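# Summary of structural features
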Amino acid sequence: VYVGKFGDIYYKEEAFAIIKSAFDFFGASFFMIILSPQNKQEILDALEKSGVPISRVFVDCVPHPEIPNYLSASDFAISFVKPANCRKFCSPIKDGEYWAVGLPIFMTEDIGDDSDIVKANEISGYIFNHDFSDLNKGFAHMQKIISSDSHAETINKNRAIAAEYRNFSIADQMYKTILG
């Protein structure tokens, strides 16, 4: 699953190439869910141009309260936030939402604390290289996570990661510290 936009702070052409690589790696069993506020037909056209079998992709814009239903139907999530110096201080809400339902995240490095969290917790996802040279290695890692006999335990551990690092009490404490 991918929840978000394409372009600007997110990968665009690269995102569609990564999705195509996922289809190539996982084969006929792979199905992609894309939830985006952007034009559905433009996304489908970009997927088709990238060689993605659009019959195995669901693209829609859904109300925010419905997003957890789609996340729960997924095995892993992709975060297409592009690395940049300022993104080292970024905290994508979508990553916390992914972990909250137990999903491991396939993402690049230097995205706030999230990249470090993934590096420290093997079951929380995979950090792929900026040059995309290790996508298949990353997909193999994701396959290992989702096909493990302890997958239910993995889901619970990822939920715990969300509770620890995306807990509202963290923001509450920061506001109290800063504002007094």
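Residues numbered from 1 in each chain as written. Predicted model: local features only at pLDDT ≥ 70, side-chain atom pairs only at ≥ 80, totals over all residues. Heavy atoms only, no water.

## Points about the sheet that holds strand S4 (residues 77-78)
Condition: Any two strands with at least two DSSP bridges between them are considered paired. Each helix corresponds to a stretch of at least 4 residues labelled H or I by DSSP, and each strand to a stretch of at least 2 residues labelled E; elements are numbered beginning at the N terminus. Any two residues whose heavy atoms approach within 4.5 Å are treated as being in contact. Angles here are taken between N-to-C directions and fall from 0 to 180 degrees, while the axes themselves are lines fitted to C-alpha atoms, restricted in helices to the stretch in contact.
The sheet built from three strands is open, its strands ordered S4-S5-S6 with parallel pairing. At either end of the open sheet lies a strand with only one pairing partner, and these are S4 and strand S6 (125-128). Of the strands in this sheet, strand S5 (105-108) and S6 are in contact with helix H6 (residues 135-147), which crosses S6 at around 175 degrees.

## A short note on the pairing of S5
Note the threshold: Relative accessible area decides the class of each residue, using a 1.4 Å probe on protein chains only: under 20% of the type maximum gives buried, over 50% gives exposed, and in between gives partly exposed. Call a crossover right-handed when, viewed with both strands pointing away from you, the route from the first strand across the helix to the second goes clockwise.
Alternating residues of S5 divide into Ile105 and Met107 and Phe106 and Thr108, and every residue in both groups is buried. Inspection of the sheet shows S4 paired to S5 by two bridges, in the parallel sense. Counterpart to alanine 77 in the pairing with S5 is isoleucine 105. Chirality of the crossover, the property in question, places the unit of S4, helix H4 (residues 93-100) and S5 among those that are right-handed.

## Brief notes about the sheet that holds strand S1 (residues 2-3)
The strand order across the open sheet built from three strands is S1-S2-S3, with neighbouring strands paired in parallel fashion. Looking along the sheet, the strands with just one partner apiece sit at the ends: S1 and strand S3 (57-60). Two strands pair when backbone bridges link them, and S1 and strand S2 (residues 32-35) are joined in this way by two bridges, in the parallel orientation. Within S2, the position partnered with valine 3 by the bridge is leucine 35. Contacting S2 and S3, helix H2 (residues 40-49) crosses the sheet at an angle of about 155 degrees to S3.

## Things to note about a nonpolar patch on the surface
Condition: In this scheme, patches are assembled from residues that exceed 30% relative accessible area and form no salt bridge. Like charges are connected within 9 Å, while nonpolar side chains (Val, Leu, Ile, Met, Phe, Trp, Tyr) are connected within 5 Å. Note on areas: these come from Shrake-Rupley sampling with a 1.4 Å probe, and a residue is covered only by the protein chains present in the view. For salt bridges, the criterion is a side-chain nitrogen of Lys or Arg within 4 Å of an Asp or Glu carboxyl oxygen.
A grouping of Ile170, Met174, Tyr175, Ile178 and Leu179 is seen on the molecular surface, where their side chains present a nonpolar patch of about 590 Å² in accessible area. With respect to the secondary-structure elements, tyrosine 175 resides in helix H8 (residues 168-179).

## As for the side chain of aspartate 114
Counting through the fold element by element, aspartate 114 comes out in helix H5 (residues 114-120). Aspartate 114 sits in the buried class, given a relative accessible area of 1%.

## Considering the layout of surface pockets
Going by this rule: Buried and open spaces are told apart on a 1 Å grid over the protein atoms alone, a cavity being a set of points where a 1.4 Å probe fits but cannot get out and a pocket being an open set with protein on both sides within 12 Å along at least five of seven lines. Residues with an atom within 4 Å of a point are the lining residues. Grid points are joined across faces, edges and corners, and a volume is the space filled by probe spheres set on the points. Amino acids are sorted into nonpolar (Ala, Val, Leu, Ile, Met, Phe, Trp, Tyr, Cys and Pro), charged (Asp, Glu, Lys and Arg) and polar (every other residue, Gly among them).
Roughly 500 Å³ of internal volume is contained in the largest pocket. Mapped by element, the contributors of at least two residues to the lining of the largest pocket are H4, H5, helix H7 (151-165) and H8. In terms of residue count, H4 provides more of the lining of the largest pocket than any other element does, four residues in total. Split by residue class, the lining of the largest pocket holds ten nonpolar, four polar and five charged. By volume, the second largest pocket amounts to about 200 Å³. Together, Val1, Phe26, Ser29, Phe30, Phe31, Ile33, Ala73, Ser74, Asp75, Phe76 and Ile146 line the second largest pocket. Its residues assigned to classes, the lining of the second largest pocket comprises eight nonpolar, two polar and one charged.

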